[in-house]
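Okay, here's what each chain looks like letter by letter:
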Amino acid sequence: MMNSMKIPSKRSTLEKKLDKLILALFSVLFCMCLLGAIGSGIFINRKYYYLRFDSSEKQFDPDNRFVVAVLTMFTLITLYSPIIPISLYVSVEMIKFIQSTQFINNDLCMYHAESSTPALARTSNLNEELGQVEYIFSDKTGTLTRNLMEFFKCSIGGEVYGTGVSEIEMGTAQRSGGKIEVQKATNAALEKGFNFDDARLMRGAWRNEPNPDFCKEFFRCLAICHTVLPEGDDSPEKIRYQAASPDEAALVTAAKNFGFFFYKRSPTTIYVRESHVEKMGKVQDVPYEILNVLEFNSTRKRQSVVCCYPDGRLVLYCKGADSVIYERLADGNNDLKRTTREHLEQFGAAGLRTLCLAYRDLSSDSYENWNEKYIQAKSSLRDREKKLDEVAELIEKDLVLIGCTAIEDKLQEGVPACIETLSRAGIKIWVLTGDKLETAINIAYACKLISNNMKQFIISSETDAIREVEDRGDQVELARFMKETVKNELKRCHEEVQQYLCSASGPKLALVIDGKCLMYALDPSLRVMLLNMSLYCSSVVCCRVSPLQKAQVTSLVRKGAQRITLSIGDGANDVSMIQAAHVGVGISGQEGMQAVMASDFAIAQFRFLTDLLLVHGRWSYARICKVVTYFFYKNLTFTLTQFWFTFSTGFSGQRFYDDWFQSLFNVIFTALPVIIIGLFDKDVNAALSKKYPELYKEGIRNTFFKWRVVAAWAFFAIYQSLIFYYFVIASSTSGMNSSGKMFGLWDVSTMAFTCVVVTVNFRLLMMCNTITRWHHISVGGSILAWFIFVFIYSGVVLPKEQENIYFVIYVLMSTLYFYVTLLLVPVAALFCDFVYLGFQRWFFPYDYQIVQEIHRHEPDNSRIGLLEIGNDNLSPDEARSYAIMQLPGQKSKHTGFAFDSPGYESFFASQAGVYVPQKAWDVARRASMRTRPKTPKN
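Quick caveat: nothing in here was measured; it's all calculated off a predicted structure. (Residues numbered from 1 in each chain as written. Predicted model: local features only at pLDDT ≥ 70, side-chain atom pairs only at ≥ 80, totals over all residues. Heavy atoms only, no water.)

(A) The UniProt feature "binding site: Mg(2+)" (unreviewed entry) in the protein chain, seen in detail. With numbering aligned to this structure, UniProt lists the feature "binding site: Mg(2+)" (unreviewed entry) at Asp-139, Thr-141, Asp-570 and Asp-574. Maximum C-alpha separation among the annotated residues is 10.5 Å over a sequence range of 436 residues, consistent with a single clustered spot. By secondary structure assignment, the location of Thr-141 is in the loop between β2 (135-138) and β3 (150-156). Positionally, Asp-574 belongs in the loop between β18 (565-569) and α18 (575-580). Contact partners of Asp-574, with chain neighbours within four places excluded, come to Asp-139, Lys-550 and Gly-569. (UniProt positions renumbered as here; feature names shortened; annotations may be inferred. Helix = DSSP H or I, 4+ residues; strand = E, 2+ residues; numbered from the N terminus. Contact = heavy atoms within 4.5 Å.)

(B) Layout of the UniProt feature "transmembrane region" (unreviewed entry) in the protein chain. UniProt records the feature "transmembrane region" (unreviewed entry) for residues 21-44, 64-90, 627-645, 660-680, 707-728, 748-765, 777-796 and 816-839 in the present numbering. Here residues 660-680 runs as 95% helix and 0% strand, with 30 Å between its end C-alpha atoms. Structurally, residues 707-728 is divided into 100% helix and 0% strand, and its ends, taken at the C-alpha atoms, are 31 Å apart.

(C) Region of interest: the packing of helix α16 (residues 524-535) against helix α17 (residues 547-560). Viewed as axis vectors pointing N to C, α16 and α17 meet at an angle of 75°, and their least axial separation amounts to 11 Å. It follows that α16 is roughly perpendicular to α17 by the angle criterion. Here Arg-527, Leu-530 and Leu-531 of α16 come into contact with α17, specifically with Leu-556, Val-557 and Gly-560. Its residues assigned to classes, the contact of α16 with α17 comprises four nonpolar, one polar and one charged. (Axes fitted to C-alpha atoms, helices over the stretch in contact; angles between N-to-C directions. Parallel < 35°, antiparallel > 145°, perpendicular 65-115°, else oblique. Nonpolar A, V, L, I, M, F, W, Y, C, P; charged D, E, K, R; others polar.)

(D) Fine view of the packing of aromatic side chains. Per the counting criterion, the structure on display carries 58 aromatic pairs. Considering the side-chain rings of Tyr-846 and Tyr-848, the 5.8 Å spacing of their centres and the 10° angle between planes classify their relative orientation as stacked. Looking at Tyr-846, the relative accessible area reads 22%, which means it is partly exposed. You can call Tyr-848 buried: its relative accessible area is 8%. Directly above the ring of Tyr-263 sits Arg-273, whose terminal nitrogen or CZ lies 4.3 Å from the centroid. The ring of Tyr-309 carries the charged tip of Arg-313 above its face, separated from the ring centre by 4.9 Å. (Phe/Tyr/Trp six-rings, centres within 6.5 Å; stacked < 30°, edge-to-face > 60°. Buried < 20%, exposed > 50% of the residue type's maximum accessible area, 1.4 Å probe, protein only. Lys NZ or Arg CZ within 6 Å of the ring centre and 35° of its normal.)

(E) View of the pattern of salt bridges. This model, assessed by the stated rule, comprises 50 salt bridges. Across the pair Glu-15 and Lys-96 runs a salt bridge, and its minimum N-O distance is 3.5 Å. On the criterion of sequence distance, the pair formed by Glu-15 in helix α1 (residues 13-43) and Lys-96 in helix α3 (residues 86-104) is long-range, its members being 81 residues apart. This pair shows no difference in class: Glu-15 is buried, exactly as Lys-96 is. A salt bridge links Asp-198 to Arg-200; the nearest nitrogen and oxygen atoms lie 2.8 Å apart. (Salt bridge = Lys/Arg side-chain N within 4 Å of Asp/Glu carboxyl O.)

(F) Inspection of the nonpolar core at higher detail. Ranked by internal contacts, the top residues of the largest apolar core, which has 94 residues, are Phe-661, Phe-753 and Trp-786. With 16 residues, helix α20 (residues 609-647) is the single largest residue contributor to this core. Those residues in contact with Phe-753 that lie beyond four places of it in its chain are Phe-638, Tyr-657, Phe-661, Phe-665, Phe-669 and Trp-786. Ile-168, Ala-444, Met-454 and Ala-604 belong to the second-largest nonpolar core, a separate cluster that totals 49 residues. (Core = buried A, V, L, I, M, F, W, Y, C linked by side-chain atoms within 4.5 Å.)

(G) View of the environment of Val-293. In this fold, Val-293 is placed in strand β9 (residues 283-294). With 12 residues separating them along the chain, Val-293 and Val-305 place their C-alpha atoms 4.7 Å apart. Once you skip the residues sitting within four places of it in the chain, Val-293 turns out to touch Thr-227, Ser-304, Val-305 and Tyr-374.

(H) Representation of the sheet that holds β2 within the structure. The strand order across the open sheet built from nine strands is β1-β20-β19-β18-β2-β14-β17-β16-β15, with neighbouring strands paired in mixed fashion. Each edge of the open sheet carries a strand with a single partner, namely β1 (120-121) and β15 (455-459). Bridge count for β2 against β18 is four bridges, and the pairing is parallel. Bridging across to β18, Ser-138 finds its partner in Ile-568. Across the sheet, α16 touches β2, β14 (428-432), β15, β16 (509-514) and β17 (539-543), and the angle it forms with β16 is around 140°. (Pairing = 2+ DSSP bridges.)

See below:
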C-alpha cells in the first residue's frame, strides 16, 4: 500500500513545445490584427469621398479613428483566426490513439508467446516521447532477470555448501579467458526453486558435518521465518507454496529438501515435519507457536519471527540483508563474521542474491516486557508503522549469526543484446537494484552494461575506514564521516572524469554507488556534483537502494538535467520510480500487476524495449513532428493570403474567401492526408531501424521539431502565400470570362483557394518518405472533395446577400486562364521547396536519408511481426506463429504492422491448414452474415 498512489498525468515534451508554438501563433495573430487596426485608423479619411465614409457606421467613422481601429481589430481577429490550428489537437489525438491501439498493441515482435502476453499501451499521450528517451532507469530482479528464484548455494557456520556454477561465473570466466568445469548434478530430479547440489547436506548427511547445530538452526530458520501459505496435500510432492516473493518460496522449498518440511499453518502455529534431527531416518511433526511476526519492508530490509518450541524455548529467527543483520549481531564470533562476509562477497561475485540468517534465544521475562511494548505499538492509532519499527529494534539485537543463503536469478533472454543496441542508440542505462555491490556489478557485466574497456568509478560504504567508525557505535559521527567521505569520493571521481574527457580517445565511463553512499550523495549540497558526474557516464549502477531512492535518482535526472527519462520495473517497489519518469514501462512478471497498473506502457520482456523505442517510438516521433509542422505551414499559408488582401482593401476587414471555404479548409479539404502521414509514413523499415540504432539519436537531439525547422516552414509559408495572392491577382487583371467581363473578387478568390488546396496537398506528398495507396486516396480525395463541393455550392441559389460565388466555378473553368493558372501557380509555389529539399538531401542529409540511399535498391519486404529467419530453423511453435503471421488478414502491405482482423483470421487459417482459436466476435460476425448465392462465371 505504501507504493499505491494515483498515477500522475503526463504530457510529452513535444506536446509542451507545441503549446509554445500555439502561443507564438497567437502572438503573430495579435500582431497581424494590431497592424491592420492601426492601418485602418490611418487609412480612414474623408478625402476618399467616393468610399462614402460617414458617421452612420462606427467602424467607418472618420471622426473617431480610435473606435474604427478597435472595431477593425475584432473584425480581423475573426478573419485571421484560421491561423490557430484548433483541429491539430483533434488530429494528433486521433493519430496517437490509432498508433497505440492498432500498432503497438498488435505488434507480434513484442508478443511473448510463453505467457501469451502482448504489449499494451495504457496511454496514447506519450507515443512520441518513446522516440526521445535518453535515460533508462531499470530495476534488476524480474526486469533484467527472470525472477524465477532457485536456491543455489549457502554458507552455514563458516562453511560453504553447493557445487553449482552460476551463469555469471561462466560469463566472468569467459571474459577473463578461463574455463570452468561444470559438474553434473547428482540429484536425479531437481524441484522448481531448488537447484542445489551438495551431498553433504542432503538426506541427513548434515549430521556428520562439523557444525550440525548450526545446520539445524539454519534449516529451522528457513522453515519457520516466513509468511508462506501452503496449498494442496501435505505431501512433499504435491504441496504448493503461495509466497509474497519468489525468494521466500525458494527458501521454504530448500528447507523441505533438506528435511524440514513446512506443511501446515494456522493463525498461531507452524507445523514442520523434521527428518534426521534426533537420529538418522526418524521423522517427526513439530508444531512451533508463532508469537510475533515482524514483517519485511523496504526500510527494515529484514524479517523476524518470535516462536516458541514445544519444550518452551523462545527463539527469535531473523533473515535479511547483510548490511542490516551485521549491525545487530552480538559481540564475539569475529572469525565467523569475517568468514561469512567473505562468502557473501564470493556469492555476490557469482551474481547470486544473498540473505543473512541469525537467531537469538529469549528469556521469558525479557520477552514479556518487550511484548507489552509491541502490543501497545500495534494498537496505536497514530504512526503505527513507525512505532512497530522502533519496538522491533529493541528485540532484534545481540543476534547470533547462522550463515547466509545464495539464490540464483537468471537473466532474461535477449537482455545483453538489447542493452548493447540501446547503448548504440545513444541511450544511457542506469540499473537501480537492492542487491549487493558485487552482485550488481557482475549482473551489469553479464548483461553488457559494463565492460572491461570502461573506466569504473566505485563509491561504496564497504570500506575499512567506514567499518571502523561503524564499530564505535556513534551514529552521529558515522553520519558526519560518511558524508565527508562521499564528498571527497565525488570530488576525486569528478576530477578523474574531467581528465578522461580532455583526452582524445578516452574510454567510456561507468559509476557504481551503493545505497548508503547514495543517501548522502542525494543531499542538496552534493546533489549537483553527483548529477554532473553521472551525466558523463555511459552506465550507472546503484545497489542496495530503496524504492524511495529509486524515485529520487529518477527525479534528479529528469528535473536536474532536463533529459527525457524512462523507468522500467516489474514490482510494487518500482511504482514510485515508474511514476517519477517521463515514461513508465511495466513488466508483467512474477510480482503481480502493480507496476503494470502504474505504467504508461506494459511489455512482457525487457528485450521488447528495442522494438518499443527504436521502432514505434522513433516512427511516432517523426510522424507527429511532420503532422505538427505541416499543420503550422498550411494554416499559415492560407491565412497569409487573406492578410495580403487586407492591404488592398484599406484594412477594412473585407473577406477574401467565402465563409464556407474558410470553414471547410481544415475540416475536409486538408484533413485526411495529414492523418494518413501520421499513421503510415516511415523513413526506414523496422529491420533497418534496429540494424542502425544510431538513427534514434535524431529523436534525442529533437532534430525534427527545433525552432529553426519551424522557421523554415514559416519562410516557405510566407513565400507560397505571396505566390498565391500576387500571381493570381496579377494574372487576373487582364483575364476575361467567356462573356468578355473582367474577373471579380469571388472569381479571383476561388481561383486562389483552388491553388492553395492543390498546392498544400501536393506539398504533403513531397514530405512523405513512403507513398502508399492511402496517400493517393487521401490527397486525390481531398482535391476531388473541393471540386465536388464548389460545383454543388456554386450551383445553389442563395439569398442575394449571400450570393458570393454563384456560378463562379463554371465561369472559371470555361476559360483557358483557369487551367494555365492551376498548372503554373502550384509549380511556382513548390519550386523553392523542391530546390530546398534536394539541396538538403544532397549536401546536409539526415541520418535516415543516408540509410535510405544505402538500401535504396533493396526491396522492402520486412514487416513488424514477421520472423526474419528461414522456415527450416523454426521450432513447431515458431512455425505455427510464422504461419499465423503470414495470413492475409494479419498483415498490411504498406505499414509493416501486424493488424488484427478478427472477422477473417480463422477463415484464412483454415485455408492454410493452421489452427487458430476462434474468437467470440469472429463467430458472432460470421453468424450475422447472410449467405449470398455465387454468381457463375461466364
